[in-house]
Each structure stands twice: as C-alpha cells, then as structure tokens.
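# Structure assessment
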Amino acid sequence: MPIVILTLATGIIFLVADAIMLSRVMGPLFREHLGDSLLEGIRMPAALGFYLVYLFGMVWFAGLPGLREGVGVAALNGAILGLVAYGTYELTSWAVMRDWHPSMVAADMIWGATVTAVSVTVGVLIARALT
C-alpha cells in the first residue's frame, strides 16, 4: 500500500506543479524563442507517455529508496534524476536545433531538478504518514 500512496501522491504533486510551470513560465519562454515552430496544442499520447514513464522513474529511482532510507535520499535522488532527465532533453535540443536558447536550457534543467526532488520528497512524506 505505501507504493500506491507514494505513486499517487508523487504523480499528483508533479502534475499540478508542472501544469502551473508550463502555463506560466516555460510555455511563454518557449513561445518567445520557438514561435511558429510550436504546435497550437499538445500531442496527448506523447504527453501521457512522458508522464507515465517519468512517474515510474521518480518512484523507482527516488521514491522507493526514500521510503527505505529517508526523505533526504528521496530529495537527492529526485534532484539528480530531474537534472539528468531534463538535462538530456534540453542539452540535446540545444545541440541540434537552431532556435533553441540557453535560457530555455537553464530554466528547464533547474525546474526538472526542483520539481522532481520536491514531488518525490513530499510523496515519501505522505506515504510514510499514511502507512
């Protein structure tokens, strides 16, 4: 049962925080630099795929170790996972796309590390409190 609570709590926190950040910060930043090359909406299957795969990674690499070893481990592993995952996307995009901007790289890498660490840490705290 702790794994189910951990997964649900982490996922909800991540989705809400990411939706706010995408609408308020990252969306406008990407529109500023990428303009017409962005889609009007999002491709829902791709978005759903990302969130499911990433949630699995957050739980496996940070949440479960955090349940076993403490919230500090969850926070550290979450920050590392977020930096690596978002950094892979951003640095690859910057390397191969003409209009990719360093401000997008920096903002998204910092965001990835932060939102992943916070989501997993709070997920672990909730799972521990309820089980």
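Not measured: the values here are computed from a predicted model. (Residues numbered from 1 in each chain as written. Predicted model: local features only at pLDDT ≥ 70, side-chain atom pairs only at ≥ 80, totals over all residues. Heavy atoms only, no water.)

## With respect to the packing of aromatic side chains
- Inspection of the entire model under this criterion finds 9 aromatic pairs.
- Residues Phe 50 and Tyr 54 carry aromatic rings whose centres are separated by 5.3 Å and whose planes lie at 15° to one another, so their mutual orientation is stacked. With Phe 50 and Tyr 54 both in helix α2 (residues 44-69) and 4 residues apart, the pair spans about one turn of that helix.
- On the accessibility criterion, Phe 50 (34% relative accessible area) is partly exposed.
- By relative accessible area, which is 6% here, Tyr 54 ends up buried.
- The interplanar angle of 20° and the centroid separation of 6.0 Å between the aromatic rings of Phe 56 and Trp 60 together place this pair among those described as stacked. Residue Phe 56 and its partner Trp 60 are both found in helix α2; the two are separated by 4 residues, about one turn of the helix.
- The class for Phe 56 is exposed, based on a relative accessible area of 54%.
- These aromatic residues form a ring-pair network of at least three members: Phe 14, Phe 50, Tyr 51, Tyr 54 and Tyr 86. (Phe/Tyr/Trp six-rings, centres within 6.5 Å; stacked < 30°, edge-to-face > 60°. Helix = DSSP H or I, 4+ residues; strand = E, 2+ residues; numbered from the N terminus. Buried < 20%, exposed > 50% of the residue type's maximum accessible area, 1.4 Å probe, protein only.)

## Remarks on the pattern of salt bridges
- One pass over the structure, following the stated rule, counts 1 salt bridge.
- For Asp 99, the salt bridge identified is with Arg 98, shortest N-O distance 3.8 Å.
- Residue Asp 99 is classed as partly exposed on the basis of its relative accessible area of 40%.
- On the basis of relative accessibility, which here comes to 76%, the residue Arg 98 falls in the exposed class. (Salt bridge = Lys/Arg side-chain N within 4 Å of Asp/Glu carboxyl O.)

## Things to note about the packing of helix α1 (residues 2-34) against helix α4 (residues 102-130)
- Relative orientation of the contacting elements α1 and α4 amounts to 160°, with a least axis distance of 8 Å. Taken together, the axes of α1 and α4 are roughly antiparallel relative to one another. Judged by the twist between their axes, the crossing of α1 over α4 is right-handed. (Axes fitted to C-alpha atoms, helices over the stretch in contact; angles between N-to-C directions. Parallel < 35°, antiparallel > 145°, perpendicular 65-115°, else oblique. Left-handed = near helix turned anticlockwise from the far one by under 90°.)

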